[in-house]
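Listed here are the chains, written in short residue letters.
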Amino acid sequence: METARKFEQNSELLRGMHSSSQNRPWLFVACGSSYYLSQTIAAQWTKLLQVACTAVPASELLFAPHEVIRRTGAQQVALLSRSGKTTEVLRAAQLLKTEAVRTLGVTCNESSVLEELCTHTLKLPWADEKSMVMTRSFTSILLFFERLGAKLAGDAELVSALDALPEKTATWLAANADKIRALGTKRRFADFVFLGQGAHYWLAQEAALKMTEMSSSYAQAYHTLEFRHGPKAIASDETLITFFLSEAAADEEILLARELRKLGAATLVVANRATPELRRNSELLIELGLNEPEYARMAMTVIPAQLLGLAVGLSKGLNPDKPRNLTRAVVLDSKKGGPAKRRGA
Ligand code: F1P
């Protein structure tokens with residue numbers, strides 16, 4: 001709700017974006033969850049705006065800047081960093097100063113170095129969270145960019161679909177959070193797998209990262225149908241496999257869910273509409289039950305994985321808000337190249 005309200009207050013940004021020619025390719029640059037968020041936005045925008053949008057980890061841009069810019073054709077670059085402090089993102093922004101591209105820094109930090117290095121900045125301080133891992137900031141920034149995309153595309157119906165989401169998500173959460181918690185705690189799984197096609201693949205990547213961070217578990221992500229091409233070897237009753245069903249691929253994805261159930265794997269299926277076939281083939285089926293288009297359902301789709309990571313982390317006696325070995329931002333020592341002694345909190 002706050003994201004929608006703040007968006008409307010950012011009319012200047014919208015005007016700036018319109019003038020920047022929405023038909024030019026966008027490149028998103030980030031690390032960690034912000035990178036998977038960038039990939040999700042890029043996939044969504046490519047489809048909606050019919051313009052090439054790509055995302056790369058900041059390190060890829062640093063090690064091969066000209067290849068990346070040539071390959072992506074980028075003329076405008078968005079650098080996403082919740083903290084605005086991640087060294088690789090700052091180095092990428094610094095490097096882009098010498099290229100003829102517009103840079104948009106996107107951060108939850110009110111005043112950051114990222115802002116100083118970019119030609120434009122978008123600040124979303126209300127989207128920040130106390131936790132080291134990104135949960136609320138992920139969904140809020142995603143919603144903000146989905147809204148921005150819908151406005152740029154001039155799609156008023158999509159904007160009102162996004163308006164409807166916060167209230168519906170609250171009701172849906174109340175009905176589903178306990179079921180997800182119960183699945184995460186009822187038994188110990190040795191492996192977690194997250195599967196998705198299209199933009200959902202990037203949600204699967206983010207889900208695997210969430211599970212790894214919050215519960216120090218081994219988690220992997222694949223394009224759903226790629227799972228048959230090797231990874232399937234790990235499927236057993238010790239594996240929990242989560243499917244993020246997409247409209248384009250659902251029929252094929254359901255067949256795989258059935259196949260993996262036969263191998264004994266536990267399946268969590270996140271789908272917009274439940275069917276008897278889906279119920280039969282999932283240990284837990286989470287139904288979104290939305291009339292809104294798929295584009296507007298992505299933020300809700302990733303929440304079950306965030307809750308699952310939390311439940312598994314807690315059941316292992318860990319603190320999912322403060323994962324071991326991690327900091328809120330990876331700040332590297334400029335001389336030694338490794339993590340700085342006191343990394344940015
Ligand atoms: C990116 C990030 C986080 C991750 C970790 C370190 O930070 O990779 O996604 O959870 O704690 O930093 P940022 O650049 O978005 O601030």
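Everything below is about the structure shown above.
Residues numbered from 1 in each chain as written. Predicted model: local features only at pLDDT ≥ 70, side-chain atom pairs only at ≥ 80, totals over all residues. Heavy atoms only, no water.

Student: Lay out the sheet that holds strand 7 (residues 219-223) in plain terms, naming residues and giving numbers.
Tutor: Read across the sheet, 5 strands follow the order 7-6-8-9-10 without closing on themselves; strand pairing throughout is parallel. Of all the strands in the sheet, just strand 7 and strand 10 (284-287) have a single pairing partner and so form its edges. Taking each pair of neighbouring strands and ignoring which way they run, the sheet shows an average axis angle of 15 degrees. Bridge count between strand 6 (residues 191-196) and strand 8 (residues 239-244): 6 bridges; the pairing is parallel. In the strand pairing of strand 8, Phe192 is matched with Leu240. On top of the sheet, helix 9 (residues 156-186) reaches strand 8, strand 9 (266-271) and strand 10; it is set at about 160 degrees to strand 10, its chief contact. (Pairing = 2+ DSSP bridges. Helix = DSSP H or I, 4+ residues; strand = E, 2+ residues; numbered from the N terminus. Axes fitted to C-alpha atoms, helices over the stretch in contact; angles between N-to-C directions. Contact = heavy atoms within 4.5 Å.)

Student: I'd like a rundown of unusual backbone geometry, residues and numbers included.
Tutor: As a rule of thumb, non-glycine residues mostly have phi less than zero, and peptide bonds are mostly trans rather than cis. Positive phi outside glycine occurs at Ser216, with the angle close to 45 degrees. You can call Ser216 partly exposed: its relative accessible area is 28%. Unusually for a residue other than glycine, Asn325 sits at a positive phi of about 70 degrees. Mapped onto the elements of the fold, Asn325 is located in the segment after helix 13 (298-315). (Buried < 20%, exposed > 50% of the residue type's maximum accessible area, 1.4 Å probe, protein only.)

Student: Give a detailed account of the pairing of strand 2 (residues 53-57), specifying residues and quantitative values.
Tutor: Here 5 bridges tie strand 1 (residues 26-30) to strand 2, and the two strands are oriented parallel to one another. Counted as the bridge partner of Trp26 is Cys53 from strand 2. Handedness of the crossover joining strand 1 and strand 2 through helix 3 (residues 32-49): right-handed. (Right-handed = clockwise from strand over helix to strand, strands pointing away.)

Student: How would you explain the sheet that holds strand 3 (residues 76-80) if you had to name every residue and give the values?
Tutor: In spatial order, the strands read 2-1-3-4-5; together these 5 strands make up an open sheet with parallel pairing. Since the sheet does not close on itself, it has two edges, and those belong to strand 2 and strand 5 (120-123), each with one partner. With strand direction ignored, the average angle separating the axes of adjacent strands in the sheet is 20 degrees. In the packing of helix 3 onto the sheet, contacts are made with strand 1, strand 2 and strand 3, and the angle to strand 2 comes to roughly 165 degrees.

Student: Residues and numbers for the pattern of salt bridges, please.
Tutor: Enumeration according to the criterion identifies 16 salt bridges in this entry. The network of salt bridges with common partners includes Lys186, Arg187, Arg261 and Glu283. (Salt bridge = Lys/Arg side-chain N within 4 Å of Asp/Glu carboxyl O.)

Student: Report on the environment of Ile234, specifying residues and quantitative values.
Tutor: On the secondary structure map, Ile234 appears in the loop between strand 7 and strand 8. The class of Ile234 is partly exposed, set by a relative accessible area of 28%. Ile234 sits 14 residues away from Gln220 along the chain, and the two C-alpha atoms are 11 Å apart. When near neighbours in sequence (up to four residues on either side) are disregarded, Ile234 contacts Asp191, Val193, Gln220, Phe227 and Thr239.

Student: How would you explain the site of the ligand if you had to name every residue and give the values?
Tutor: Taken together, 15 residues sit near the ligand, with Ser34, Ser81, Ser83, Thr86 and Thr327 positioned nearest. With respect to the ligand, the side chain of Thr86 contributes an N or O atom lying 2.5 Å from an oxygen atom. Isolated, the ligand exposes 390 Å² of accessible area, and the fraction of that covered by the protein chains is 95%. Among the residues making up the shell around the ligand, the classes are represented as 5 nonpolar, 7 polar and 3 charged. (Near = heavy atom within 4 Å. Polar contact = N/O pair within 3.5 Å; in protein donor to acceptor, adjacent residues only side chain to side chain. Areas by Shrake-Rupley, 256 points an atom, 1.4 Å probe, with all protein chains shown as cover. Nonpolar A, V, L, I, M, F, W, Y, C, P; charged D, E, K, R; others polar.)

Student: Tell me about the environment of Thr119, and name the residues and values.
Tutor: Note on placement: Thr119 falls in the loop between helix 7 (113-117) and strand 5. Along the backbone, Thr119 and Lys97 are 22 residues apart, and their C-alpha atoms lie at a distance of 8.6 Å. Discounting residues that sit within four places of it in the chain, Thr119 has contacts with Arg102 and Thr103. In this structure the side chain of Thr119 is engaged in a polar contact, spanning 2.7 Å, whose partner is the backbone oxygen of Thr103. In terms of polar contacts, Thr119 uses its side chain to reach the side chain of His120, at 3.2 Å.

Student: How would you explain the packing of aromatic side chains if you had to name every residue and give the values?
Tutor: Inspection of the entire model under this criterion finds 14 aromatic pairs. Consider the rings of Trp26 and Phe28, whose centres lie 6.0 Å apart with planes at 25 degrees: the pair is stacked. In this pair, the class of Trp26 matches that of Phe28, namely buried. Between Tyr35 and Tyr36, the ring centres sit 5.2 Å apart and the planes meet at 50 degrees, which makes this aromatic pair tilted. Residue Tyr35 shares its accessibility class with Tyr36, and that shared class is buried. (Phe/Tyr/Trp six-rings, centres within 6.5 Å; stacked < 30°, edge-to-face > 60°.)

Student: I'd like to hear about the side chain of Ser217, residue by residue, with values.
Tutor: Relative to the assigned elements, Ser217 resides in the loop between helix 10 (199-215) and strand 7. On the accessibility criterion, Ser217 (10% relative accessible area) is buried. Polar side-chain contacts of Ser217 include one of 2.5 Å to the side chain of Ser215. A polar contact of 3.3 Å, which involves the side chain of Ser217, links it to the side chain of Lys316. Those residues in contact with Ser217 that sit more than four places away from it in its chain are Phe192, Met211, Thr212, Val312 and Lys316.

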